[in-house]
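# Secondary and tertiary structure notes
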Amino acid sequence: MFVKQLSLEHYRNYEQVKLDTFGNVNLLLGNNAQGKTNLLEAILMLALTKSHRTSKDKELISFQADAAVLAALIERKYGSVSLELRLSPQGKKARLNGLEQRKLSDFVGTLNVVMFAPEDLEIVKGTPGIRRRFLDMEIGQVMPSYLYHLQQYQKVLVQRNNLLKNAFQSGPDSLIMLEVWNEQLAEHGVKIIKRRKQFIRKLQRWASDIHKGITNGAESLELTYLPSFGDAAEEDEAVLLEQFMIKLSQSKDQEMRRGMTLAGPHRDDIAFHINGKEAQVFGSQGQQRTTALSLKLAEIELIHEEIGEYPVLLLDDVLSELDPYRQTQLIETFQSKVQTFITATGMESINASKLKDASIFHVQNGQVMS
């Protein structure tokens, strides 16, 4: 998978830019706040239709502009594909090869990316919500149907929570409606849970070997899915559905008192263990950083396993955060295999001797010069 062209109009601090001289490794150099990360974010937007930095699309549109347009030409094993994403106060519109897509989920997955940024350390040491978002973004790239079930689940969850908040005022009718929401919540919830378990099992297989390599065999990494009900290893949908319905029935009184849904994939988590100890609690910052790096490198291999192509790798100011050994491990992973975009303030923060034939772009105040 290869990004051949990228053009932006009224996106962040880019009024208009078109780039079409990308190589296998692309260095975006410049001082802070010049627009380097905005370029990586634009590529991510074309992959996921979502930013990793904000949920408000209006923040992505240039000041006083009515809309932003992002476009790219990518090369896949089956040929070239043009992508276009238009952002406006009325919402998002996506086009593939010039044809508008009825659903954004039909657009997601055409371009696959793995992004590694300093804030990804929070996947290991941050809140469960950050880890769930990590799962949702990565699984959604390789399985668009997952996004459909996630969207439907979230809609039902809102309705069910509203009903629980007003259950005592609504009387017997609310209990009848609660059963309807239970069935719909469980129907979509088990699809999400099953796919998350499969994803983590595959990610564990890759991450374990990669982590051992980075640490010269000194550390063993284990990933565990922590569901809000049932067995972490169970993947049979019929069994999961029965377990979910039983849990909802058992939790009904407590949920009505608290006015919220207490079980389901919106309450699940992941645990990381290094040599048997929980990395979130007992891991050093170096161990947590190595765990995050292992996850990202594992993602590259997992996506290749799922779709038969390597994704595009986006490295946002992370090489300077890694010691020379980990830098070398990372560079050797993507060198000559994965198209990579790297942001940095200067060459001094990069082990340039390990990079081969890198294309260099200088970014200054929304302008890009090669």
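Here goes a summary of the coordinates provided. (Residues numbered from 1 in each chain as written. Predicted model: local features only at pLDDT ≥ 70, side-chain atom pairs only at ≥ 80, totals over all residues. Heavy atoms only, no water.)

## Describing the overall build of the chain
A count of helical and extended segments in the chain gives ten helices and 15 strands. Against the compact-globule benchmark of 21 Å for 370 residues, the chain has a radius of gyration of 22 Å, which places it among compact chains. Referenced to the eigenvectors of the C-alpha coordinate spread, the extents of the chain come out at roughly 70 × 55 × 35 Å. Evaluated residue by residue, the chain yields a buried proportion of 54% over its 370 residues. If you take every contact in the chain between residues at least 6 apart in sequence, the share linking residues at least 24 apart comes to 69%. In the form shown here, the chain has an accessible surface area of approximately 16,900 Å², with 47% of it arising from carbon and sulfur atoms. With 44 positive and 46 negative side-chain charges, the chain shows a spacing of 2 Å between the two charge centroids. (Helix = DSSP H or I, 4+ residues; strand = E, 2+ residues; numbered from the N terminus. Rg over C-alpha atoms; globule rule 2.2 N^0.38 Å. Buried < 20%, exposed > 50% of the residue type's maximum accessible area, 1.4 Å probe, protein only. Contact = heavy atoms within 4.5 Å. Areas by Shrake-Rupley, 256 points an atom, 1.4 Å probe, with all protein chains shown as cover. Lys, Arg positive; Asp, Glu negative; His and termini not counted. Charge placed at Lys NZ, Arg CZ, Asp CG, Glu CD.)

## Some points on the sheet that holds strand β6 (residues 91–96)
Judged by pairing direction, the sheet is antiparallel, and its six strands sit side by side in the order β2-β1-β4-β5-β6-β7 without closing on themselves. In this open sheet, the two strands that pair with only one neighbour each are β2 (14–19) and β7 (99–100). Where strand β5 (residues 79–88) and β6 come together, six bridges link them in antiparallel fashion. Note on β6: the bridge partner recorded for Arg-86 is Lys-93. (Pairing = 2+ DSSP bridges.)

## Some remarks on the packing of aromatic side chains
Counted according to the given criterion, the structure contains three aromatic pairs. Here Phe-229 and Phe-244 contribute two aromatic rings whose centre-to-centre distance is 4.8 Å and whose plane-to-plane angle is 25°, an arrangement assigned as stacked. Residue Phe-229 is found in the loop between β9 (221–226) and α7 (237–258), and its partner Phe-244 is found in helix α7; the two are separated by 15 residues along the sequence. An identical accessibility class is assigned to Phe-229 and Phe-244; each is buried. Within the aromatic cluster, the residues linked to one another by ring pairs are Phe-22, Phe-341 and Phe-361. (Phe/Tyr/Trp six-rings, centres within 6.5 Å; stacked < 30°, edge-to-face > 60°.)

## A few points about the sheet that holds β9
In space, the three strands of this open sheet follow the order β9-β10-β11, with antiparallel pairing throughout. The strands lining the two open edges of the sheet, one partner per strand, are β9 and β11 (277–278). Of the strand pairs in this sheet, β9 and strand β10 (residues 269–274) are connected by six bridges, and their pairing is antiparallel. Note on β10: the bridge partner recorded for Leu-221 is Ile-274. Relative to the sheet, helix α3 (residues 128–142) contacts β9 and β10, its axis offset from that of β10 by approximately 100°. (Axes fitted to C-alpha atoms, helices over the stretch in contact; angles between N-to-C directions.)

## Considerations on the environment of Ile-270
Along the polypeptide, Ile-270 turns up in strand β10. With relative accessibility at 3%, the residue Ile-270 sits in the buried group. Taking C-alpha positions, Ile-270 is 12 Å from Leu-295, a pair spaced 25 residues apart along the chain.

## Details of the side chain of Gln-34
Counting through the fold element by element, Gln-34 comes out in the loop between β3 (25–29) and α1 (36–48). With a relative accessible area of 18%, Gln-34 lands in the buried category. There is a polar contact of 3.3 Å between the side chain of Gln-34 and the backbone oxygen of Asn-32. Reaching out from Gln-34, the side chain makes a polar contact with the backbone nitrogen of Asn-365 at a distance of 2.7 Å. Not counting the four nearest positions on each side in its chain, Gln-34 is found in contact with Asn-13, Tyr-14, Val-363, Gln-364, Asn-365 and Gly-366. (Polar contact = N/O pair within 3.5 Å; in protein donor to acceptor, adjacent residues only side chain to side chain.)

## Points about the packing of α3 against helix α4 (residues 144–165)
For the pair α3 and α4, the least separation of the axes is 5 Å and the interaxial angle reads 130°. Accordingly, the angle class assigned to the pair α3 and α4 is oblique. On the side of α3, the interface is formed by Asp-136, Ile-139, Gly-140 and Val-142, while α4 contributes Pro-144, Tyr-146, Leu-147 and Leu-150. Across the contact of α3 with α4, the residue classes tally to six nonpolar, one polar and one charged. (Parallel < 35°, antiparallel > 145°, perpendicular 65-115°, else oblique. Nonpolar A, V, L, I, M, F, W, Y, C, P; charged D, E, K, R; others polar.)

## Some points on unusual backbone geometry
Phi is positive for Arg-12, close to 50°, though the residue is something other than glycine. Structurally, the position occupied by Arg-12 is in the loop between β1 (2–11) and β2. The exposure class assigned to Arg-12 is partly exposed, which follows from its relative accessible area of 22%.

## Quick word on the pairing of strand β13 (residues 340–344)
The buried count for β13 comes to five of five residues, which makes it a mostly enclosed element. Sheet topology note: the β3/β13 ladder contains five bridges and is parallel. By the bridge assignment, Asn-26 is partnered in β13 with Phe-341. Note that the unit made of strand β12 (residues 312–316), helix α10 (residues 324–334) and β13 has a crossover that is right-handed. (Right-handed = clockwise from strand over helix to strand, strands pointing away.)

## A few points about the nonpolar core
With 111 residues, the main nonpolar core has Leu-111 and Phe-334 as its most contacted residues. The leading source of residues in this core is helix α6 (residues 172–214), at 13 residues. Here Phe-334 is in contact with Val-25, Leu-313, Leu-315, Thr-340, Ile-342 and Leu-355, once residues within four sequence places are set aside. (Core = buried A, V, L, I, M, F, W, Y, C linked by side-chain atoms within 4.5 Å.)

## Here's the deal with the pairing of β3
Among the five residues that make up β3, five are buried, leaving the element largely enclosed by the rest of the structure. Where burial is concerned, the two faces of β3 agree: the one with Val-25, Leu-27 and Leu-29 and the one with Asn-26 and Leu-28 are both buried.

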